[in-house]
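Coordinate analysis (summary)
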Amino acid sequence: MSTSLLYHGWGVRGYQQTAIAFEEGRVRFVIEQDPGTFRCANCGSGEVMKSGQVYRCFRTLPIGGKPVFIELPIQRLWCTSCFKTRQAEVAFADERRSYTHAFERYALELSQHMTIKDVAVHLGVGWDMIKEIQKRRLQRRFAKPKLKYLKHLAIDEISIGHGHRYLTVVLDLDNGAVVFVGEGKGAAALEPFWRRLNASHARIEAVATDMSPAYTAAVRDNLPKAIHVFDRFHVVKLFNERFSLFRQELQREAEGPLAKKVLKGTRWLLLKNPENLIEERDERKRLEKALVLNKPLATVYYMKEDLRQIWDQLDAAAAEVFLDDWIARARASGIRMLHQFAETLVQHRRGILNYYKCPITTAALEGTNNKIRTMQRQAYGFRDQEFFKLKIFALHETRYALVG
């Protein structure tokens, strides 16, 4: 075999073929390094002397579906310049790896279209080898995300699996990349991120989070100059959660079987946006019937619809007037649930109105969290937590949801 084919076929240059064998469905090439290319691995000097050999076998690209192995007696070299004895460097494979650079690149190309298991089966190797190849690439690219140029962040937590296990995720809202994944939830999970962020000297302009006290305190203490925006979707979500509990209370207190029956099937109708009601299922008529039957329910429902309009005003001044009016109406309604939620909005008033200083939300992060759940579900969980985090860092570049 010519040196040209060795190079163009498998990226092997500076070696000569000494033998070839076909056995048990495999192709085995034995090669040796050209003595003229020997260099000291310590100092790079060409003034070296042979000092024994170490045999190694490398997996490389298949031929016609048959696995191919390259066997190489690696020369030990004694350097007359630095007086060190080292093995000659292998140009076509990394140290302590049993596969060539060409095989690694091919496995990564297949991984863009196939699951880890499928790639392993196709190449006839173990699942752990393909995972190792992916993990090494991810470590090179995403082990330490750059934070210097961050400006707009979203922070949220995600539940992963059973046992109340959480991850706290920080997203760069400008490019959609995850820049931090912390164990657990709350302020403690973010401490490593704040240390790295301070060291990067990034100038954060705005942060979007939910209204949790932990995030409020963490942003205040670590990013005092940043605009802290309370995410509009979390505000509406919190209202809907309390609305559901309110409906359940009304259902328990309803008099007569008709009232109970009407209220029983209205949960999703009440939480739906009016424009999403399906006419073919008579959802609008069923909702109107429930609202006519119960005045407090109707009041809370229409207040829910008004709440969404806080973020649809022309400017901050109009939004401030609208929010204050909503709070006043909620307090005057005589409904305890609305009164309590009004007090919640009073406490978080500034962060809600900050949307008009910087109109950001955590919607992109919610989408990323959904991808994380899908990835974990497809993989039936990840035993290697570091690999799981690296896969999360790479999500914004992933074109296919790959099994881990």
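Everything below is about the structure printed above this text.
Here the structure is a predicted model, which means the values were calculated and not measured. (Residues numbered from 1 in each chain as written. Predicted model: local features only at pLDDT ≥ 70, side-chain atom pairs only at ≥ 80, totals over all residues. Heavy atoms only, no water.)

1. Notes on the overall build of the chain
Quick reminder of the rule: Helix and strand labels come from DSSP, where a helix needs a run of H or I of at least four residues and a strand needs a run of E of at least two; each type is numbered from the N terminus. Partly exposed residues are those whose accessible area sits between 20% and 50% of the maximum for their type, while under 20% is buried and over 50% is exposed, using a 1.4 Å probe and protein chains only. Note on definitions: a residue-residue contact is assigned when non-hydrogen atoms from the two residues lie within 4.5 Å. Note on areas: Shrake-Rupley with a 1.4 Å probe; residue coverage comes only from the protein chains shown.
Along its length, the chain carries 16 helices and 10 strands. Residues classed as buried in the chain amount to 44% of the 404 residues present. In the chain, the share of contacts with a sequence separation of at least 24, taken over all contacts with a separation of at least 6, comes to 57%. In the form shown here, the chain has an accessible surface area of approximately 22200 Å², with 51% of it arising from carbon and sulfur atoms.

2. Considerations on the pattern of salt bridges
Pairs can form between side chains of opposite charge whenever their charged atoms are close. Put simply, the test is: We define a salt bridge as a side-chain nitrogen of Lys or Arg found within 4 Å of a carboxyl oxygen belonging to Asp or Glu.
One pass over the full model with this rule turns up 19 salt bridges. For the salt bridge of D312 with R232, the shortest nitrogen-to-oxygen distance reads 3.6 Å. In this pair, D312 sits in the loop between α11 (295-307) and α12 (316-332) while R232 sits in helix α7 (residues 232-253), placing the two residues 80 residues apart along the sequence. Residue classification places D312 among the exposed positions, given a relative accessible area of 53%. When the shortest N-O distance is used, the salt bridge between R329 and D306 registers 3.0 Å.

3. Notes on the packing of α12 against helix α13 (residues 336-347)
The following threshold applies: Convention adopted: a line fitted to C-alpha atoms gives each axis, helices being fitted over their contacting stretch, and angles between N-to-C directions are expressed from 0 to 180 degrees. Note on terminology: angles under 35 degrees are roughly parallel, angles over 145 are roughly antiparallel, angles of 65 to 115 are roughly perpendicular, and the others are oblique. It is the rotation of the near helix from the far one that decides the hand of a crossing: anticlockwise by less than a right angle makes it left-handed, clockwise makes it right-handed. Any residue outside Ala, Val, Leu, Ile, Met, Phe, Trp, Tyr, Cys, Pro, Asp, Glu, Lys and Arg is labelled polar, Gly included; the first ten of those are nonpolar and the last four are charged.
Following both chains from N to C, one finds α12 and α13 inclined at 150 degrees, their axes separated by 8 Å at the closest point. The angle between α12 and α13 places the two elements in the roughly antiparallel class. Along this stretch, α12 crosses α13, giving a crossing that reads as left-handed. Residues L323, W326, I327, A330 and R331 of α12 touch α13, and the partners they reach there are L338, H339, F341, A342, E343, L345 and V346. Of the residues in the contact of α12 with α13, the class split is nine nonpolar, one polar and two charged.

4. Examining unusual backbone geometry
Even without being a glycine, E24 presents a positive backbone phi close to 50 degrees. With respect to the helices, strands and loops of the structure, E24 is situated in the loop between β1 (15-23) and β2 (26-33). Despite not being glycine, R96 has its phi angle at roughly 65 degrees, a positive value. Examined against the element boundaries, R96 turns out to sit in the loop between β5 (85-87) and α2 (101-111). Assessed through its relative accessible area of 68%, R96 is described here as exposed.

5. Here's the deal with the side chain of D210
What counts here: The convention is simple: Lys and Arg are positive, Asp and Glu are negative, and His and the chain ends are not counted. Contacts described as polar in this section are N or O atom pairs within 3.5 Å, which, within protein, must combine one atom able to donate a hydrogen with one able to accept it, while residues neighboring in sequence count only if both atoms come from side chains.
Mapped onto the secondary structure, D210 falls in the loop between β9 (206-209) and α6 (213-222). At 7.7 Å, K237 is the nearest oppositely charged side chain to D210, a buried residue that forms no salt bridge. Within the structure, D210 has its side chain in polar contact with the backbone nitrogen of S212 (distance 3.0 Å). When residues no more than four places from it in sequence are discounted, the contact partners of D210 are D156, Y215, F230 and H234.

6. Points about the nonpolar core
Convention followed: Only buried residues count toward a nonpolar core, which is a set of Ala, Val, Leu, Ile, Met, Phe, Trp, Tyr and Cys residues joined through side-chain atoms within 4.5 Å.
Among the nonpolar cores identified, the biggest contains 35 residues, and F239, W326, L338 and L345 are the most heavily contacted of them. Listing elements by their share of this core, those giving two or more residues are β9, β10 (227-230), α7, α11, α12, α13 and α14 (349-353). Excluding residues that lie within four positions of it along the chain, W326 makes contacts with F239, M303, D306, L307, L338, F341, A342 and L345.

7. Examining the pairing of β9
Note the threshold: Note on pairing: DSSP must find at least two bridges between two strands before they are called paired. Place the viewer so that the strands point away; then a crossover is right-handed whenever the path from the first strand over the helix to the second strand goes clockwise.
The side-chain alternation of β9 yields two buried faces, one formed by A206 and A208 and the other by V207 and T209. When strand β6 (residues 152-159) meets β9, the two strands line up parallel, connected through three bridges. What sits directly across from H152, in β9, is A206. Sheet topology note: the β9/β10 ladder contains four bridges and is parallel. By the bridge assignment for β10, V207 is matched with H228. Read as a crossover between parallel neighbours, the route from β9 over α6 to β10 is right-handed.

8. A few points about the packing of α2 against helix α4 (residues 127-142)
Between α2 and α4, the least distance of the axes is 10 Å, while the angle of their chain directions is 90 degrees. One way to sum up the angle between α2 and α4 is to call them roughly perpendicular. Packed against α2, whose contacting residues are F103, E104, A107, L108 and S111, the element α4 presents M129, I130, I133, Q134, R136, R137 and R140 at the interface. Here the contact of α2 with α4 is built from residues that sort into six nonpolar, two polar and four charged.

9. A few points about the sheet that holds strand β8 (residues 178-183)
The five strands lie next to each other as β8-β7-β6-β9-β10, forming an open sheet whose pairing is mixed. A single partner strand is all that each edge strand has here, and the edge strands are β8 and β10. Shown here is a sheet whose adjacent strand axes are inclined to one another by a mean of 20 degrees, direction ignored. One ladder, built from seven bridges, connects β6 with strand β7 (residues 166-172); its direction is antiparallel. Across the sheet, the residue bridging to L153 is D172, located in β7. Strand contacts of helix α5 (residues 187-200): β6, β7 and β8, with the helix running at about 140 degrees to β8, the strand carrying the most contacts. In the packing of α6 onto the sheet, contacts are made with β6, β7, β9 and β10, and the angle to β10 comes to roughly 165 degrees.

10. Regarding helix α16 (residues 385-393)
Counting buried positions along α16 yields eight of nine residues, so the element is predominantly enclosed. Within α16 the residues assigned to the buried category are Q385, F387, F388, K389, L390, K391, I392 and F393.

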